[in-house]
Amino acid sequence: MQSVGGTRSILAVPALMVFQTATLLSQSVVAPGATRAVAIYTKFLEPPSGVSVEHLKAEMDAILGPALRLEWYSLDQANGQDVKADIVVVKFQGTCGSNAQSPPLRRGGPLGWTNVVDGEILPFAGVNCDRIRELMEGNLAASTDTERDQMFGRAMARVLAHEMYHFLAKTARHAVDGVAKARYSATDLAGPCLRFEEDQLRQVRTSQFQHVSKAHHDAGAPAGGG
Ligand SMILES: [Zn+2]
């Protein structure tokens, strides 16, 4: 996921996170006509705004609800429980709060990323909250506290939904418009509505899950971008 004017970067998943996640993988079988379930394991490197996280979840349901049933778990509390869903692990970097008093860091770079190893898209995604804050600086500054929390939660969801699309639809390609397009503007992040186009939603709904083998995870150091 790039922002307009951004650059692609290659980021690796920490080996510890990869190792932890190996114990979480489960097989699931989606019966014809059943709603596909996905368990999202989150890791915030800094404590997020609770209100923004609630808006994140609500927006994810609005974007992916027509295709998926989402379950949320903290990666820190994962204990190898048997989850009857397919799993995506997402790491949120930076300050995931909407406080306009915090100056943007001007780091540039991607809004999010998905890990790829040997051409295989893995269920490990990242969201760069500092980059989101930077891109939305003007929108956040012009909003009330309540509006900022909602706006920031929605923006995190749009970046995460984009990265999950790559894994769920098993494609590195982008759409012309909607959540799956290659580049986001501040308006895409801060605007009232951004959804998948019907083709991309159908891909998410109908593609078969690729079950990642434990050997892949134990090999460590996957890297990729997109
Ligand atoms: Zn992408």
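These notes cover the structure that comes with them. (Residues numbered from 1 in each chain as written. Predicted model: local features only at pLDDT ≥ 70, side-chain atom pairs only at ≥ 80, totals over all residues.)

Moving on, we get to the packing of helix α2 (residues 50-64) against helix α5 (residues 145-168). Look at α2 against α5: their axes get within 7 Å of each other, and the N-to-C directions meet at 45 degrees. Relative to α5, α2 is oriented oblique. The way α2 lies across α5 gives a crossing that is right-handed. Of the residues in α5, those in contact with V51, S52, V53, E54, H55, L56, E59, M60, I63 and L64 of α2 are D149, Q150, F152, G153, R154, M156, A157, L160 and A161. (Axes fitted to C-alpha atoms, helices over the stretch in contact; angles between N-to-C directions. Helix = DSSP H or I, 4+ residues; strand = E, 2+ residues; numbered from the N terminus. Parallel < 35°, antiparallel > 145°, perpendicular 65-115°, else oblique. Left-handed = near helix turned anticlockwise from the far one by under 90°. Contact = placed C-beta atoms within 7 Å.)

Counting 50 residues, the largest nonpolar core has V88, I132, A155, M156, L160 and A161 as its most contacted members. Within the residue set of this core, elements represented by two or more residues are β3 (36-44), α2, β5 (86-93), β7 (120-128), α3 (129-135), α5, α6 (186-190) and α7 (198-206). Residue contributions to this core peak at twelve residues, all from α5. Not counting residues up to four positions away in its chain, the partners in contact with A155 are I132, M136, L189 and A190. (Core = buried A, V, L, I, M, F, W, Y, C linked by C-beta atoms within 7 Å. Buried ≥ 20, exposed ≤ 12 C-beta atoms within 10 Å, placed from the backbone.)

Once that is clear, we can look at unusual backbone geometry. Phi at D118 takes a positive value of approximately 50 degrees, unusual for a residue other than glycine. Accessibility expressed as a C-beta count within 10 Å gives 9 for D118, which makes it exposed. The phi angle at K170 is positive, at roughly 55 degrees, despite the residue not being glycine. For K170, a count of 15 C-beta atoms within 10 Å puts it in the partly exposed group.

Moving on to α7. All buried positions along α7 are accounted for by Q200, L201, Q203 and V204. Take α7 and look down its axis: the buried residues cluster within an arc of 155 degrees, on one side only. Residues E198, D199 and T206 are exposed on α7 and point more than 90 degrees away from its buried face. For α7, the elements touching its buried residues are α2, β4 (68-74) and α5. (Arc of directions from axis to C-beta.)

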